[in-house]
Amino acid sequence: MDKVAIIIPVYNAEEFLKYSVESVLNQTYSNLEIILVNDGSKDNSGLLCDGYAEKDSRVKVIHIDNGGQGRARNIGIQNSNADWIVFLDSDDYYDENAIKYLINTRDKYGSELVITPLNVVYKYEIASKQSVKEEILNYSLEELVERLYYGNTVGATPCGKLYKKSVLLNNLFPEGMIYEDLFIAYKHIVESNNIVATNISVYNYYQRKGSTTKGIMYSARLEDFYKAIEQNRLYIAKDYPFNKKIRDALKVRELMGGFQIIDAMINSNLNHELLQKSKEYREYLLEILKNKNISKNRKIKYVAFCIHPGVYKYIKKMKER
């Protein structure tokens, strides 16, 4: 039974840490190394982490100065004693059979990377999920990259995935920036052998209703998103210079992902900048409308913003009520 390291970056997470940590302590797969990286928390998270280490020998706690999630993950990777690694955010949680499922899938298909979708939840509970027939999604490497940018079935987040440690060590997360997942996810995919993606969800992504962008103000750090996009543009220019499908998918990721910055601009009343961005978005309106990989709701959002930022703002406000 191979040892699996579960790396959990922790920052001011005292309110919900018990849900994430206890979900891994209660795994049916027992050969675990649980690494809690306390990223300079200012609340009682560090003490809670130490308490878990005292109760269970599988828990290792590393206290560091605050440096961001990318650095915390890297330190966890570099200090792990396992050859296989999964990640967990401190406010999310795994199903109790998650690691067992990931390992069994790895063994069955001889994979170096196992990908599962996230299950969005709005409260912490162990609910019985509707039985889903397992489906193995047989994508080529080019299709996996395309799915990465569209964000459906693959996604940039490292959560819900089982990684071979050597791939991560060769491609550590960028530090000192946000959107570090998007920046490096391409390398994690293309440098893994025999990737398997399934439709079975074992990772529960906790989302507070209305909390995704509500209240987030614009700051220069949000522009890290475009740095990550540009890095991916360099990747595909080198590896897939003639693959139009991948280029189109990355452009969709840039435009649709850019709504996180747009929402922050709205919260900060940056009206001039919003009008300029709306003008830029109109250039790609026809391409967005023709693209079958984009949902109807996302297209409506895009059209509303192209008409006028005020129209988009009104629709967004109505949905948040």
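Rules of the game
Residues numbered from 1 in each chain as written. Predicted model: local features only at pLDDT ≥ 70, side-chain atom pairs only at ≥ 80, totals over all residues. Heavy atoms only, no water. Patch = residues over 30% accessible without salt bridge, like charges linked within 9 Å, V, L, I, M, F, W, Y side chains within 5 Å. Areas by Shrake-Rupley, 256 points an atom, 1.4 Å probe, with all protein chains shown as cover. Salt bridge = Lys/Arg side-chain N within 4 Å of Asp/Glu carboxyl O. Helix = DSSP H or I, 4+ residues; strand = E, 2+ residues; numbered from the N terminus. Buried < 20%, exposed > 50% of the residue type's maximum accessible area, 1.4 Å probe, protein only. Polar contact = N/O pair within 3.5 Å; in protein donor to acceptor, adjacent residues only side chain to side chain. Contact = heavy atoms within 4.5 Å. Core = buried A, V, L, I, M, F, W, Y, C linked by side-chain atoms within 4.5 Å.

### Brief notes about a nonpolar patch on the surface
- The grouping of Ile300, Ile307, Val311, Tyr314, Ile315 and Met318 at the surface amounts to a nonpolar patch, some 510 Å² of accessible area in total.
- Elements supplying a minimum of two residues to the nonpolar patch: helix H13 (296-307) and helix H14 (309-320).
- The dominant element in the nonpolar patch, judged by the number of residues it contributes, is H14, at four residues.
- In this fold, Ile315 is placed in helix H14.

### Section: the pattern of salt bridges
- As enumerated under the stated definition, the model contains 17 salt bridges in all.
- A salt bridge links Arg106 to Asp2; the shortest N-O distance between them is 2.9 Å. Separated by 104 residues along the polypeptide, Arg106 in helix H4 (residues 98-109) and Asp2 in the segment before strand E1 (4-10) bring together distant segments of the chain.
- Judged by relative accessible area, which is 36%, Asp2 ranks as partly exposed.
- Residue Asp248 is joined to Lys244 by a salt bridge in which the shortest nitrogen-to-oxygen separation is 2.7 Å.

### Describing the side chain of Glu33
- Structurally, Glu33 can be placed in strand E2 (residues 32-39).
- With a relative accessible area of 5%, Glu33 lands in the buried category.
- Of note is the side chain of Glu33, whose polar atom sits 3.2 Å from the side chain of Lys60.
- One polar contact links the side chain of Glu33 to the main-chain amide nitrogen of Asn81, over a distance of 2.8 Å.
- Here Glu33 is in contact with Lys3, Val4, Ala5, Ile6, Arg58, Lys60, Asn79, Ser80, Asn81 and Ala82, once residues within four sequence places are set aside.

### Describing the nonpolar core
- One finds Val4, Ile8, Phe87, Ile99 and Tyr149 to be the most contacted residues of the largest nonpolar core, which totals 98 residues.
- Ignoring sequence-local partners within four residues, the contact set of Phe87 consists of Ile7, Arg73, Ile77, Tyr94, Pro158, Cys159, Gly160, Lys161, Tyr163, Leu168, Phe173 and Tyr203.

### Things to note about unusual backbone geometry
- For Asn12, which is not glycine, the phi torsion reads 45 degrees and is therefore positive.
- Looking at where Asn12 falls in the secondary structure, it is placed in the loop between E1 and helix H1 (17-25).
- A relative accessible area of 29% places Asn12 in the partly exposed class.
- Here Asn194, not a glycine, exhibits a phi torsion of approximately 50 degrees, which is positive.
- In this fold, Asn194 is placed in the loop between helix H7 (180-190) and strand E10 (195-198).
- Exposure remark for Asn194: the relative accessible area of 45% places this residue in the partly exposed category.

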